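Understanding the architecture of this molecule
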Amino acid sequence: MSSIIQLLPDHVANQIAAGEVVQRPASVVKELLENAVDAKATDIKLIIKDAGKSLVQVIDNGCGMNVTDARLCFARHATSKIRQAEDLFSLNTKGFRGEALASIAAIAHMEMKTKLEQEELGTHIVIEGSKFISQDVAVLPKGTSFAVKNLFFNIPARRNFLKSDTVEYRHIIDEFQRVALAHPKIHFTFYHNGSDMYNLPPSSLRQRIVNFFGGKTNEKLVPVVEDTEMMNVQGFVSKPEFAKKSRGEQFFFVNDRFIKSPYLHHAVMAAYEGILKDGSQPSYYLYLTVPPNTIDINIHPTKTEIKFDNESAMYAILRASIKHSLGQFNVAPVLDFERDANLDTPYHYKNLEGEVPTIQIDRNFNPFAEEKPSKAGYSSANKKVEATASWESLYVDIKHDTGIVSGGNEFASRNNDYSFENNEFTFENEEVTSSLFNDEEVEQAVQKTYQIHKKYIVSPIKSGMVIVDQNRAHQRILYEQFLVNMTVQHASSQQLLFPINLFYSTTEMELIAELQQSLVNIGFVFEESNSDHVVISGIPVNTTESEVAAVLDQLLSDLHNGIPENSFSQNDTIAKSMAKSLAVKTGAYLTEKEQENLVNGLFACKDPNVSPFQKPTFITMRVEDIDKKFAL
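Rules used in this analysis
- Residues numbered from 1 in each chain as written.
- Predicted model: local features only at pLDDT ≥ 70, side-chain atom pairs only at ≥ 80, totals over all residues.
- Heavy atoms only, no water.
- Helix = DSSP H or I, 4+ residues; strand = E, 2+ residues; numbered from the N terminus.
- Buried < 20%, exposed > 50% of the residue type's maximum accessible area, 1.4 Å probe, protein only.
- Contact = heavy atoms within 4.5 Å.
- Areas by Shrake-Rupley, 256 points an atom, 1.4 Å probe, with all protein chains shown as cover.
- Core = buried A, V, L, I, M, F, W, Y, C linked by side-chain atoms within 4.5 Å.
- Pairing = 2+ DSSP bridges.
- Axes fitted to C-alpha atoms, helices over the stretch in contact; angles between N-to-C directions.
- Polar contact = N/O pair within 3.5 Å; in protein donor to acceptor, adjacent residues only side chain to side chain.
- Phe/Tyr/Trp six-rings, centres within 6.5 Å; stacked < 30°, edge-to-face > 60°.
- Parallel < 35°, antiparallel > 145°, perpendicular 65-115°, else oblique.
- Left-handed = near helix turned anticlockwise from the far one by under 90°.
- Nonpolar A, V, L, I, M, F, W, Y, C, P; charged D, E, K, R; others polar.
- Salt bridge = Lys/Arg side-chain N within 4 Å of Asp/Glu carboxyl O.
- Patch = residues over 30% accessible without salt bridge, like charges linked within 9 Å, V, L, I, M, F, W, Y side chains within 5 Å.
- pLDDT = per-residue confidence, 0-100.

From N to C terminus, the chain includes 17 helices and 22 strands. Of all 632 residues assigned to the chain, the portion counted as buried reaches 42%. Expressed as a percentage of contacts within the chain between residues at least 6 apart in sequence, the contacts between residues at least 24 apart total 67%. Surface summary for the chain: the accessible area is close to 37,500 Å², and the carbon and sulfur share equals 52%.

Structure follows, in structure tokens:
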């Protein structure tokens, strides 16, 4: 029998490896940026076209490569980072597997230009699908430039699985942020479709964070610094009052490498225990430095997962250091039962000097005097009488049967000018009000709806009763209302006396700009829109001013993975998010009128059976079903 096992050709093996290493254009961005950092570059440019589907180019001023290295770098498992297996436990570079460039070259058109600093000429190589098309000598600046064009050109099925440009662009920004935040001393520039998106000069870590997420971020940050034998912790966490619904701005870096660790995330959340609202997520930018031999990076091709030698000790150190920082900057409440709060000096009194109090003395006051001066008493008495007479004289000589108390004779005699004849006025009271129905015909009003546990509304019907979930029902009502406002007629707005300023990062501002027309149709009025904040002067009628920030944060969180391509899907997503944020919550008390309006509004909807998230809004219990419960 002939052998059936054979070695795969290099281009096939490279395409298989590309399935793990290159999942989308953002994966190419990550690999090329990390190679530029490993080349000790101080200036890195990232150029993107069509969200990376047409072009991903990274230009650096690093060390460059000679002719031999330039050709060999596209071979599988060819790397300059390690020499032997033991080097895996003393890594100080981003890459070490030697698969990235070979995998990218197998599924794209690739062009590389590189030159060493000491050489006069550089090397220009063109590769298409693992095949070398050309290799020439060229006049180039110091460093390396990789241009990746037409990603997945030879794997159409893989290209069809890519998301919309908005989604892919969002992933590219995520990868760019992770590398740029890990290396604040490097100058990063980011261009997308010819527009300058980010220009990040070398700066401190705090300034790099502010450059990314907006100037308002500076006041949210609390520094964290802890130095131990096992690891060093430094970075920033956000104050509890600035926590968001989404988990966007959360970064862990271990030895300047971005990682994902649910275990360490739990340590951060444990440090915030008791000072965060339910469902809120704090932002954090934490940099951990550990000995390279205590971690294992070689777990996954993306290298975002790391195994630690002593995770429990790291958990305790991280939790304690964050808790200490929150307490040190008076962010966390302090429990001191012996402290007298009345002795605390207000902050604005800090620099004030003490003043001698002035005392006012009435020198005419004599506590041993037999009687008070008559002049003052007479004037006050006169004032009292005059005040009484001024209104009581209006009703002089009016009889008691009108239901109004008439003035006395002494006031009538003293105020003849204000006396009136009784027959000149008629007064309406309850006794003379006629009724359309006799008392016997008017039925006693019966409450038609009942609220149970501030969660369900029970309404009787002919066959039994309907039990409505108040939160889901209100979601359905608001959802259909928002869809009508966005597609058929614009909603009315309530103007604010003082406009609201809301600050967002560059990425969030781009998202708001794309959603602005839909938000205007719902009822928002944008007075001004800048690079880092928006000014809102009008809000939807059923929204309160305090809810605006939370509603927009929830909307940005729901749309973080991208806006749907067609407008209906976009409107549908916005309507669902707004309905979820503004719907009456479980635990809210509703009056009888509100209960009736909610039930009537639900059954006036086009699809009252389910909420916008396809969950049942009500159930029906027939009398027969209740009878069965009581049957023996």
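What follows covers the nonpolar core. Nonpolar side chains tend toward joint burial in soluble globular proteins. Leu46 and Phe74 are the most contacted members of the largest nonpolar core, which totals 58 residues. Looking at which element gives the most residues to this core, the answer is helix 6 (residues 165-182), with eight residues. Once residues lying within four places of it in the same chain are set aside, the contact partners of Leu46 are Val29, Leu33, Val56, Gln57, Val58, Ile172, Phe176, Thr189, Phe190 and Tyr191. Leu515, Ile539, Leu556 and Ile574 belong to the second largest nonpolar core, which has 32 residues in total.

Spatially, eight strands are ordered 5-4-3-6-2-1-7-8 in an open sheet, and the strand pairing comes out mixed. One side of each edge strand has no neighbouring strand; the edge strands of this open sheet are strand 5 (131-138) and strand 8 (195-200). For this sheet the average axis-to-axis angle between neighbouring strands, irrespective of direction, equals 10°. As paired strands, strand 7 (residues 187-192) and strand 8 are joined by five bridges and run antiparallel to one another. Paired with His192 across the strands is Ser195, a residue of strand 8. Lying over the sheet, helix 2 (residues 25-38) contacts strand 1 (43-49), strand 2 (55-60), strand 6 (143-149) and strand 7, oriented at roughly 10° with respect to strand 2.

With respect to the helices and strands, Glu111 occurs in strand 3 (residues 109-115). In terms of polar contacts, Glu111 uses its side chain to reach the side chain of His124, at 2.8 Å. Not counting chain neighbours up to four residues away, the residues in contact with Glu111 comprise His124, Ile125, Val126, Ser145, Phe146, Ala147 and Lys149.

The sheet contact formed by strand 4 (residues 122-128) and strand 5 spans seven bridges and is antiparallel. Residue pairing across strands places His124 opposite Asp136, the latter belonging to strand 5. In textbook terms, the turn of a hairpin is the stretch between consecutive antiparallel strands, and for strand 4 and strand 5 this stretch comprises two residues, one of which, Gly129, has a positive phi near 60°.

Another aspect to go through is the sheet that holds strand 22 (residues 618-622). Judged by pairing direction, the sheet is antiparallel, and its four strands sit side by side in the order 16-17-18-22 without closing on themselves. With one partner strand each, in any of the chains shown, strand 16 (450-452) and strand 22 form the two edges of the open sheet. Strand-to-strand twist of the sheet, defined as the mean angle between neighbouring strand axes without regard to direction, takes the value 25°. Judged from the five bridges that link them, strand 17 (residues 456-460) and strand 18 (residues 464-469) form a sheet pairing that is antiparallel. Bridge assignment links Pro460 to a residue of strand 18, and that residue is Met465. The strands touched by helix 17 (residues 623-630) are strand 18 and strand 22; relative to strand 22, the strand with the most contacts, the crossing angle is about 65°.

This brings us to the packing of aromatic side chains. A complete count under the given rule lists 21 aromatic pairs for this structure. Relative to Tyr284, the ring of Phe252 lies with its centre 4.9 Å away and its plane at 45°, an arrangement referred to as tilted. You can see Phe252 sitting in strand 11 (residues 250-254) and its partner Tyr284 sitting in strand 13 (residues 284-289), a full 32 residues away along the chain. On the basis of relative accessibility, which here comes to 3%, the residue Phe252 falls in the buried class. Ring geometry for Phe253 versus Phe258: centroids 6.0 Å apart, planes at 65°, classification edge-to-face.

Once that is clear, we can look at the packing of helix 6 against helix 13 (residues 506-522). Two elements in contact, helix 6 and helix 13, have axes whose closest approach is 12 Å; the angle formed by their N-to-C orientations is 165°. On the basis of the axis angle, helix 6 is roughly antiparallel to helix 13. As for the relative orientation of helix 6 and helix 13, their crossing is right-handed in sense. Of the residues in helix 13, those in contact with Thr166, Tyr169, Arg170, Ile173 and Gln177 of helix 6 are Thr507, Glu510, Leu511 and Glu514. Looking at side-chain class alone, the contact of helix 6 with helix 13 contains three nonpolar, three polar and three charged residues.

By the element assignment, Met465 lies in strand 18. Residue classification places Met465 among the partly exposed positions, given a relative accessible area of 24%. Each C-alpha atom, one on Met465 and one on Val623, is 7.8 Å from the other, the two residues being 158 residues apart in sequence. Beyond its immediate chain neighbours, meaning those up to four positions away, Met465 contacts Val458, Ser459, Pro460, Ile619, Thr620, Met621 and Ile626.

As enumerated under the stated definition, the model contains 14 salt bridges in all. A salt bridge links Glu480 to Arg476; its shortest N-O distance comes to 3.0 Å. Separated by four residues within a single helix, Glu480 and Arg476 lie in helix 12 (residues 470-487), roughly one turn from each other. Judged by its relative accessible area of 16%, Glu480 falls in the buried class. For Arg476, a relative accessible area of 5% translates into the label buried.

The next subject is the environment of Val488. One can find Val488 in the loop between helix 12 and strand 19 (493-503). For Val488, a relative accessible area of 68% translates into the label exposed.

A surface patch of nonpolar side chains, amounting to about 320 Å² of accessible area, comprises Leu121, Val137 and Val139. Position of Leu121 among the secondary structure elements: in the loop between strand 3 and strand 4. For Leu121, a relative accessible area of 43% gives the class partly exposed.

Turning our attention to the confidence of the model for the chain. Across the chain, the average pLDDT comes to 79, with 76% of residues at or above 70. Note on residues 374-388: pLDDT is under 50 here. Beyond four places in sequence and across chains, it has two contacts. Every residue in residues 399-422 is under pLDDT 50, and counting partners more than four places away or in other chains gives 31 contacts.

Within strand 10 (residues 232-238), five of the seven residues are buried, leaving the element largely enclosed by the surrounding structure. The antiparallel pairing of strand 9 (residues 221-227) with strand 10 creates a hairpin that spans four residues between the two strands. As judged from the six bridges shared by strand 10 and strand 13, these two strands associate in the antiparallel manner. Across the sheet, Val237 pairs through a bridge with Tyr284, a residue of strand 13.

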